Amino acid sequence: MTTSTWQFQGFPIHCLQQGTSAADRPAVLLVHGFGASTDHWRFNIPALQQHYEVHALDLLGFGRSAKPAGPSYGGALWRDQLVSYVRERIGRPTVLVGNSLGGYAALAAGAALGSDSAGVALLNAAGPFSDEQGEPKGWGAITRRTVGSALLKSPILQRLLFENMRRPGNVRRTLNQVYIDRTNVDDELVESILAPSRDPGAFGVFRTVFDIPRGQPLDELFAELQSPLLLLWGIRDPWINAAGRRGAFQRHAPAKTTEVVLQAGHCPHDEVPDQVNAALLEWLDQLP
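What you are looking at is a predicted structure, and each value in this text was computed from that prediction instead of being measured.

**Student:** Even after reading the chapter, I still don't get the overall build of the chain, so can you show me in this structure?
**Tutor:** The helix and strand inventory of the chain stands at 12 helices and 8 strands. Taken over C-alpha atoms, the radius of gyration comes to 18 Å for the chain, in line with the 19 Å a tight globule of 288 residues would show. Referenced to the eigenvectors of the C-alpha coordinate spread, the extents of the chain come out at roughly 55 × 40 × 40 Å. Looking at the chain residue by residue over its 288 residues, the buried ones come to 51%. At a minimum sequence separation of 6, the contacts of the chain that also span at least 24 residues come to 75%. Surface summary for the chain: the accessible area is close to 13,100 Å², and the carbon and sulfur share equals 53%. One finds the centroid of the 26 positive side-chain charges in the chain at a distance of 7 Å from the centroid of its 28 negative side-chain charges.

**Student:** Hey, could you run me through the pairing of strand E5 (residues 94-99) in this one?
**Tutor:** Where a strand is regular, its side chains alternate between the two sheet faces. Burial of E5 is extensive: 6 of the 6 residues sit out of reach of the surface. Side chains Thr94, Leu96 and Gly98 of E5 all project onto a buried face; the interleaved residues Val95, Val97 and Asn99 project onto the opposite face, where all are buried too. In the sheet, E5 pairs with strand E6 (residues 117-123) via 6 bridges, with the strands oriented parallel. Across the sheet, residue Leu96 finds its bridge partner in E6, namely Val120. For the crossover from E5 across helix H3 (residues 101-113) to E6, the handedness is right-handed.

**Student:** Sorry if this is basic, but what is going on with the environment of Ala112 here?
**Tutor:** Along the chain, Ala112 falls in helix H3. C-alpha of Ala112 to C-alpha of Asn44: the two residues are 68 residues apart in sequence and 26 Å apart in space. Once residues lying within four places of it in the same chain are set aside, the contact partners of Ala112 are Arg79, Val83 and Arg87.

Calculation criteria
- What you see as residue numbers is a count from 1 along each chain, following the sequence as written.
- pLDDT decides what is reported in this predicted model: residues at 70 or higher carry local features, side-chain atom pairs at 80 or more are listed and counted, and totals for whole chains, interfaces and linings draw on all residues regardless.
- As a convention, hydrogens and water are excluded, and side-chain values are obtained from all of the structure's heavy atoms.
- Under the scheme used here, helices are H or I runs from DSSP no shorter than 4 residues and strands are E runs no shorter than 2 residues, and both carry numbers assigned from the N terminus.
- Just to be clear, the radius of gyration here is over C-alpha atoms, and the globule rule we use is 2.2 Å times residues to the power 0.38.
- Working definition: with a 1.4 Å probe on protein chains only, accessible area under 20% of the residue-type maximum means buried, over 50% means exposed, and in between means partly exposed.
- Note on definitions: a residue-residue contact is assigned when non-hydrogen atoms from the two residues lie within 4.5 Å.
- For the area figures, the Shrake-Rupley method with a 1.4 Å probe applies, and any residue is considered shielded solely by the protein chains shown.
- When charges are tallied, Lys and Arg are placed among the positive residues and Asp and Glu among the negative ones, while His and the ends of the chain are skipped.
- Where a charge sits is defined by one atom per residue type, namely NZ (Lys), CZ (Arg), CG (Asp) or CD (Glu).
- Any two strands are treated as partners once DSSP identifies two or more bridges connecting them.
- By convention, a crossover is right-handed whenever its connection, traced from the first strand over the helix to the second and viewed with the strands pointing away, goes clockwise.

Structure follows, in structure tokens:
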């Protein structure tokens, strides 16, 4: 596997490439979720590379990429990073595949790329819809949000939370909550999440979690997307109420969207990789 460093806005970005380019097939770019990295595609790259030129990168602030204090972290930054990577490093139509936060970034980039996007595949994608962005109603809701926000803006509390979350036992417990089949919650996965948290700047990136802007609504991005869309659900995801969220996606997604539902949690690509790889390859092979 070829790993390299690419510069985005003057910061070093860890990226990798595998497989061979084929003129009649698009490239594939894999985008991890919050707190993860290119390592989270460990079971997918070997299968996809047999048929496609596969790329993966660590979003700015995560994995082996730089964790600077200056940028305004959020969907717009990571969208621009993916768009730049496709145009500067890949240079041809690309399918963007993203999980969780990486799903939102992949969709935003796919919409921005226009004809340079060959498709977008979302695995339990994060992000708001327009009708979810209103102010909370009722004093109870307002108080809960205000008090919670004020507490979480405390640097001391943020540091305590950060140190607690990056303990190996707590990382494993969190993963066990979102993997229905825990077979792949192994030492390699835990270490892939812990290692970046030890980097200088990791705490600064973690603090931005509490101030990340909500970004452009998913329904607007769906309306702008020109390329085919695959929604791949780990339907038993306890973090995002995947069953309910699927209904919202169905209401707003383009008419010819393909859906695949799997009995898995928040990270189906790592929990049930064989099923995800088969579904991805079947969909990719049908792309124009």
